[in-house]
Each structure stands twice: as C-alpha cells, then as structure tokens.
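# Observations on chain architecture
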Amino acid sequence: MTSSSPTPIPEQAPAPEAGAGAPVPPVLAEVVRSGFVEGRHRGSLVVLAADGSVESALGDVAAPVFPRSTNKPMQAAAVLRAGLELSGERLALAAASHSGESFHLDLVRTMLAEHGLTPDHLQTPPDLPLDPEEAESYLASGRLRDRLAMNCSGKHTAMLAAAARNGWPLTSYLDQDHPLQQLVAEGVRAASGEEVAHVGTDGCGAPLLSLSLTGLARAFRHFVLADPGTPERRVADAMRAHPEYVAGTRRPDTWLMQALPGTLSKMGAEAVQAVALPDGRALAFKIDDGATRTLGPILARLLRRMGVDSPVLARLEDAPLLGGGVRVGEIRAAF
C-alpha cells in the first residue's frame with residue numbers, strides 16, 4: 001500500500017428538502033446502463049483524520065443508523081471481556097459474517113463441541129450460506145436451510161460459549177437484559193464515544209444497537225489503535241490476521257484486509273461499511289436504500305480520496321451491469 005496526499009471530497013449542491021423538512025441525502029452512486037444513468041443511490045458518509053477529527057462528510061453523519069454487522073467487532077470484544085478465551089481463527093469467526101464455506105462451517109461445529117454445545121443451542125434463523133456459489137453447492141448436495149449455515153453462527157457460538165463459561169442462561173442469550181448483551185452495550189458506548197439512541201433486533205435475532213456514522217468510524221479507529229492485549233485490539237488483530245474467516249474467499253472485506261495489512265474492514269446488511277486504516281484514519285458510510293451492490297465502488301472511491309493506492313481498489317470498484325450476459329454498464333461512485 002502506498003499513500004499520497006488525500007483528496008478532499010467535493011461539496012455537493014444543497015439537497016432538496018424531503019417530507020417533513022428532512023434533507024434528501026446526496027447521491028453517492030449511480031447505476032449506468034448502456035451509457036444512460038438509470039438509477040441513483042443516496043446515502044451518507046464520513047471520513048476521520050488520523051487524530052479522530054472529522055476530515056470530510058456528506059449527508060447526515062450524526063443521526064443514528066443501525067450498523068448491522070459492522071457492530072460485530074464490538075460484540076466479539078464483549079465475549080472476551082466476559083472471560084471467554086478465543087484467539088486466531090476462532091476470534092475472527094466470532095466477529096464474522098461468514099460466507100458459509102466449508103472451513104467456516106467446520107470451525108463453527110468445532111467451537112460448539114469445544115464448549116459443550118451443539119447446533120441445537122444456536123438461535124440463528126435457518127438459512128443458506130451467504131455466498132451465492134456456496135448456496136448453490138449447498139442446495140445441490142441436498143442440504144436444507146439450517147442454523148449453522150447462517151452467516152452469524154460464529155458470533156452466536158461465541159456468545160453461547162461466553163454465557164456457558166459464566167453460568168449465564170443459554171436460552172436467553174439474545175435478550176437485551178442478558179449479562180452478555182449488557183457487556184456488548186457497554187463496549188459499543190465506550191468504543192463509539194456516544195450513547196445508543198435506539199435498540200432493535202438484527203437479522204440474526206441479536207440486539208441491534210444504533211450509532212451515528214461518526215460514532216461507528218470512531219469505534220473502528222478505537223479498535224485498531226487500542227493497546228495490545230486489550231479485548232478491542234485482540235479482536236482487530238484476529239480479524240486482520242484471518243480475514244477469510246471474517247468474510248470469505250470471494251468477499252471484499254477479505255480482499256481489502258489481505259491487500260492492505262493492518263486495515264480493519266467490515267460490512268453490514270442494508271449497505272453499511274466501516275473501515276479503519278492502521279494509522280487511525282477511518283471511514284463509515286450507509287446507503288439509504290440498502291443496496292449492497294454500491295459498497296465496493298463507494299469504498300474504493302473513498303480510499304482513493306484518502307490517498308490509498310493499491311491494485312485492490314480496482315477490484316473493489318468493479319461492479320458490472322449485464323445485458324444479455326455481457327457487460328453493458330456499471331455501478332459507479334458519484335462523488
């Protein structure tokens with residue numbers, strides 16, 4: 001990785017007002033088919049300087065959003081604070097939205113057995129592997145949706161193991177007032193530097209704690225700069241050392257962490273992305289309509305504007321549109 005001077009994000013014209021006085025977020029990505037812009041994706045983004053100050057922003061980066069799986073590093077740090085001993089691939093999988101590849105599912109089974117648990121303890125919803133190729137192979141082999149294949153099963157296994165270690169109830173490990181979930185909430189507040197405005201239920205059934213995009217970027221910065229040996233730094237180090245367990249072999253988070261050593265990257269459902277560079281610079285963004293197809297092009301554009309220069313950016317930003325099975329357009333960043 002090489003870095004040049006960061007390029008400021010250009011200001012966009014003031015957005016028109018929407019509904020009850022709320023401003024319309026800026027366009028962050030365009031859908032271009034056969035040279036025609038057929039769609040636009042709006043959202044908000046923030047970039048933090050190495051000292052933690054806001055270097056640039058578009059849209060509303062102070063309003064609460066649901067970070068979805070970008071909260072997973074904070075959830076993984078909570079199981080360490082609960083006294084669970086995890087490291088290496090196991091700790092990376094505890095913070096994962098895994099693709100459901102065989103090495104992911106094998107390690108989840110191993111972790112369950114190591115802590116006296118079975119897949120029946122998991123309260124993840126039955127699902128197919130997250131990776132489309134893995135899902136096709138999974139179905140072709142005659143298997144059905146199950147709890148272990150769901151992309152959050154590593155996180156749930158770690159939560160269950162932490163509860164078992166402490167003698168906490170296993171059947172209610174996802175309840176907001178469960179001791180483990182209280183540790184998660186404390187960690188989210190400490191890492192982000194802000195209070196949780198809203199609590200919901202994530203797709204996997206776990207409590208979902210809101211943050212602003214600025215708070216989310218701040219949390220990722222906190223993880224990469226934390227003192228060695230702290231729960232936050234242990235999680236960051238495990239994710240960066242084993243990115244294939246955080247995502248999968250065909251996933252952008254894996255590619256980015258492999259190509260830019262020391263970088264921490266995690267995406268979330270509904271088009272949320274957070275990244276921290278090893279020098280403490282960080283970014284977070286969310287696309288309002290939840291279009292995850294925009295993540296790669298927007299992330300690559302942001303990293304370029306932050307002065308990052310690496311071949312992986314071309315891989316990230318390549319988001320083709322097909323017509324008749326051939327490339328006729330692309331999703332591209334629009335800022």
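Our subject is the structure that appears above.
Below: a short report on this structure. Only a predicted model underlies this, so the values are computations on that prediction, with no experimental measurement involved.

Each value, and the rule that gives it
- Numbering of residues starts from 1 in each chain and follows the order in which that chain's sequence is written.
- Given that this is a predicted model, residues contribute local features only at a pLDDT of at least 70 and side-chain atom pairs are listed and counted only at 80 or more, while totals for whole chains, interfaces and linings are drawn from all residues.
- Side-chain numbers come from the whole structure's heavy atoms, not from hydrogens or water.
- Every helix listed is a DSSP run of H or I at least four residues long, and every strand listed is a run of E at least two residues long, numbered separately from the N terminus.
- Burial classes: relative accessible area under 20% of the type maximum marks a residue as buried, over 50% as exposed, and values in between as partly exposed (1.4 Å probe, protein chains only).
- It only takes one pair of heavy atoms within 4.5 Å for two residues to be counted as in contact.
- Buried and open spaces are told apart on a 1 Å grid over the protein atoms alone, a cavity being a set of points where a 1.4 Å probe fits but cannot get out and a pocket being an open set with protein on both sides within 12 Å along at least five of seven lines. Residues with an atom within 4 Å of a point are the lining residues.
- Grid points are joined across faces, edges and corners, and a volume is the space filled by probe spheres set on the points.
- Residue type decides the class: Asp, Glu, Lys and Arg count as charged, Ala, Val, Leu, Ile, Met, Phe, Trp, Tyr, Cys and Pro as nonpolar, and the leftover types, Gly among them, as polar.
- Strands are treated as partners if at least two bridges between them are detected by DSSP.
- Planes of paired rings set the category: under 30 degrees apart is stacked, over 60 is edge-to-face and the rest tilted, where pairs are Phe, Tyr or Trp rings (Trp by its six-membered ring) whose centres lie within 6.5 Å.
- Working rule: Lys NZ or Arg CZ, within 6 Å of ring centre, within 35 degrees of ring normal, means a charge sits over the ring.
- Think of a salt bridge as a Lys or Arg side-chain nitrogen and an Asp or Glu carboxyl oxygen that are within 4 Å of each other.

## Brief notes about the environment of A78
When you line up the elements, A78 lands in helix α1 (residues 72-81). The exposure class assigned to A78 is buried, which follows from its relative accessible area of 0%. The sequence separation of A78 and V188 amounts to 110 residues, and the corresponding C-alpha distance is 9.2 Å. Once you skip the residues sitting within four places of it in the chain, A78 turns out to touch L180, L183 and V184.

## Observations regarding empty space enclosed by the protein
Enumeration over the complete set of coordinates arrives at one cavity of 30 Å³ or more. Of the volumes computed, that of the largest cavity is approximately 40 Å³. Contributing to the lining of the largest cavity are R68, N71, Q75, V184, V188, D202, P207, L208 and L209. The class makeup of the residues in the lining of the largest cavity is five nonpolar, two polar and two charged.

## Notes on the pairing of strand β4 (residues 27-33)
Within β4, six of the seven residues are buried, which leaves it mostly tucked inside the rest of the structure. Bridge count between β4 and strand β5 (residues 36-48): six bridges; the pairing is antiparallel. Directly across from V31, in β5, lies its bridge partner G39. Where β4 folds back on β5, the antiparallel hairpin that results is connected by two residues, among which S34 adopts a positive phi of roughly 55°.

## Structural notes on the packing of aromatic side chains
Scanning the entire structure with this criterion turns up one aromatic pair. Ring centres of F103 and Y245 lie 5.0 Å apart, and the angle between their planes is 75°; on these two criteria the pair is classed as edge-to-face. Taken together, the residues span a long stretch of sequence, with F103 in helix α3 (residues 102-114) and Y245 in helix α9 (residues 243-246) at a distance of 142 residues. Between the NZ or CZ atom of R315 and the centre of the ring of W255, over which it lies, the distance is 3.8 Å.

## Thoughts on the pattern of salt bridges
By the definition in use, this model includes 18 salt bridges. R250 serves as the salt-bridge partner of D131, at 3.1 Å between the closest nitrogen and oxygen. With D131 in the loop between α3 and α4 (132-140) and R250 in the loop between α9 and α10 (252-259), this pair connects stretches of sequence that are 119 residues apart. Since its relative accessible area comes to 32%, R250 is described here as partly exposed. A salt bridge links R250 to E134, with the nearest nitrogen and oxygen atoms 2.9 Å apart. With R250 in the loop between α9 and α10 and E134 in helix α4, the pair connects residues that are 116 residues apart, well separated along the chain. A cluster of three or more residues bridged by salt bridges with shared partners is formed by D131, E133, E134 and R250.

## Examining the pairing of strand β15 (residues 320-323)
Two elements, β15 and strand β16 (residues 326-333), share four bridges in a ladder whose sense is antiparallel. Looking at the pairing, P320 lines up with E330 of β16.

## Some thoughts on the layout of surface pockets
By volume, the largest pocket amounts to about 760 Å³. Lining the largest pocket we find 35 residues, and of these L130, R251, P252, M267 and T292 sit closest to its centre. Contributions of two or more residues to the lining of the largest pocket are made by α10, β11 (264-268), α11 (295-305) and α12 (312-317). Counting residues per element, the lining of the largest pocket draws most heavily on α11, at four residues. A breakdown of the residues in the lining of the largest pocket according to their chemical character gives 17 nonpolar, eight polar and 10 charged.

## As for helix α8 (residues 231-241)
For α8, the complete set of buried residues consists of E232, V235, A236, A238, M239 and R240. Against α1, α2 (88-94), α7 (213-225), α9, α10 and β11 lie the buried residues of α8.

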